[in-house]
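What the coordinates show
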Amino acid sequence: MTGTPPPTAPKRSRARTLVPLGIAAWLLVEIWLLMMVASAAGGLTVLALLVGGAVLGGYVIKRAGRRAFSTLTEQLQQQQFGAPSPGPRGGSEGNALTMLGGLLLIVPGLMSDALGLLCLVPPVRKAVGRYAERSLEKRMRMAAPGSLGDAFAQARMHQPDGKVVQGEVIREDAGPASPGDRHDQGSRPPLTP
């Protein structure tokens, strides 16, 4: 009796294999570092470092969140009254990296605390922000037409006068409309140049 062969399982991606291994290695290094510091300086020192990191991380996240909320509120008020936006004010850029630094400080461990403190250094924040912006712009330029990156690129286009022109595309080569179309082609006149 012959049956259908069992379906083959899809091949596991590299990320699904490497990410758990990376997290496990990170945890082992964090535990090893905590044990080394505890043996050198004592358990109370390690406890004080972990609690201090969590408190500092909470303060950093709260401060960055307030700054982001106040910036958002100001921008919404300026848009409501029609005033032009002055752009980002000093210290408001890099809130995402500041919040990431605070989150890394809250996570227990010495390596995460060191990375969190590094995220809070202003020159590092600016360098990482410029790198991320260049990388995003490069990926958007390389995006295939019709992809999500292309949609973001189109959304960022600005007219010199700031006006938005809404319209619809009517294809000349399209055949007769099917009854399930959303718009009835005969109810509107065609757009002319």
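Residues numbered from 1 in each chain as written. Predicted model: local features only at pLDDT ≥ 70, side-chain atom pairs only at ≥ 80, totals over all residues. Heavy atoms only, no water.

Moving on: the overall build of the protein chain. The secondary structure content of the protein chain amounts to six helices and zero strands. Taken from the N to the C terminus, the helices and strands of the protein chain come in the order α-α-α-α-α-α. Across the 193 residues that make up the protein chain, the buried fraction comes to 13%. Across the protein chain, every contact between residues at least 6 apart in sequence was considered, and the portion connecting residues at least 24 apart equals 51%. (Helix = DSSP H or I, 4+ residues; strand = E, 2+ residues; numbered from the N terminus. Buried < 20%, exposed > 50% of the residue type's maximum accessible area, 1.4 Å probe, protein only. Contact = heavy atoms within 4.5 Å.)

Let us look at the packing of helix 2 (residues 43-81) against helix 3 (residues 95-106). Any two packed helices are characterised by the angle at which their axes cross and by the distance between the axes. As a packed pair, helix 2 and helix 3 sit with axes 7 Å apart at the nearest point and diverge in direction by 160°. Taken together, the axis directions place helix 2 and helix 3 in an arrangement best described as roughly antiparallel. Our pair here, helix 2 against helix 3, has a crossing hand that is left-handed. On the side of helix 2, the interface is formed by Gly53, Ala54, Leu56, Gly57, Gly58, Val60, Ile61, Ala64, Gly65, Arg67 and Ala68, while helix 3 contributes Asn95, Thr98, Met99, Gly102, Leu103, Leu105 and Ile106. Here the residues of the contact of helix 2 with helix 3 are counted per class, giving 10 nonpolar, seven polar and one charged. (Axes fitted to C-alpha atoms, helices over the stretch in contact; angles between N-to-C directions. Parallel < 35°, antiparallel > 145°, perpendicular 65-115°, else oblique. Left-handed = near helix turned anticlockwise from the far one by under 90°. Nonpolar A, V, L, I, M, F, W, Y, C, P; charged D, E, K, R; others polar.)

As a further point, take helix 2. In this model helix 2 runs 57 Å from its N-terminal to its C-terminal C-alpha over 39 residues, within 8% of the 57 Å that 1.5 Å per residue would give. Buried residues along helix 2 sit in contact with helix 1 (14-41), helix 3 and helix 4 (110-120). A positive backbone phi angle near 80° is found at Gly82, which sits one or two residues after helix 2. (Expected span 1.5 Å × (residues − 1).)

What follows concerns the environment of Gly116. With respect to the helices, strands and loops of the structure, Gly116 is situated in helix 4. Residue classification places Gly116 among the buried positions, given a relative accessible area of 0%. Expressed as a C-alpha distance, the spacing of Gly116 and Leu103, which sit 13 residues apart in the sequence, is 7.3 Å. Excluding anything up to four places from it in sequence, Gly116 contacts Gly101, Leu104 and Leu105.

Attention now moves to the side chain of Asp113. Tracing the sequence through the fold places Asp113 in helix 4. Although Asp113 is buried, it forms no salt bridge, and the closest oppositely charged side chain is Arg125 at an N-O distance of 16 Å. Excluding residues within four positions of it along the chain, Asp113 makes contact with Leu49, Gly53, Leu104, Leu105 and Val107. (Lys, Arg positive; Asp, Glu negative; His and termini not counted. Salt bridge = Lys/Arg side-chain N within 4 Å of Asp/Glu carboxyl O.)

Attention now goes to the environment of Trp32. Looking at the secondary structure, you find Trp32 in helix 1. Each C-alpha atom of the pair Trp32 and Gly109 lies 9.8 Å from the other, and the pair is 77 residues apart in sequence.

So, about the side chain of Asn95. Its location among the elements puts Asn95 in helix 3. For Asn95, a relative accessible area of 11% translates into the label buried. Excluding anything up to four places from it in sequence, Asn95 contacts Ala64, Arg67 and Ala68.

A few words on a nonpolar patch on the surface. On the surface, Val19, Ile23, Trp26, Leu27, Leu115, Leu118 and Val121 cluster together into a nonpolar patch covering about 590 Å² of accessible area. Of all elements in the fold, only helix 1 and helix 4 reach the threshold of two or more residues within the nonpolar patch. With four residues, helix 1 is the single largest residue contributor to the nonpolar patch. Looking at where Leu115 falls in the secondary structure, it is placed in helix 4. A relative accessible area of 37% places Leu115 in the partly exposed class. (Patch = residues over 30% accessible without salt bridge, like charges linked within 9 Å, V, L, I, M, F, W, Y side chains within 5 Å. Areas by Shrake-Rupley, 256 points an atom, 1.4 Å probe, with all protein chains shown as cover.)

Spatial relationships are all this shows, so hold off on functional conclusions.
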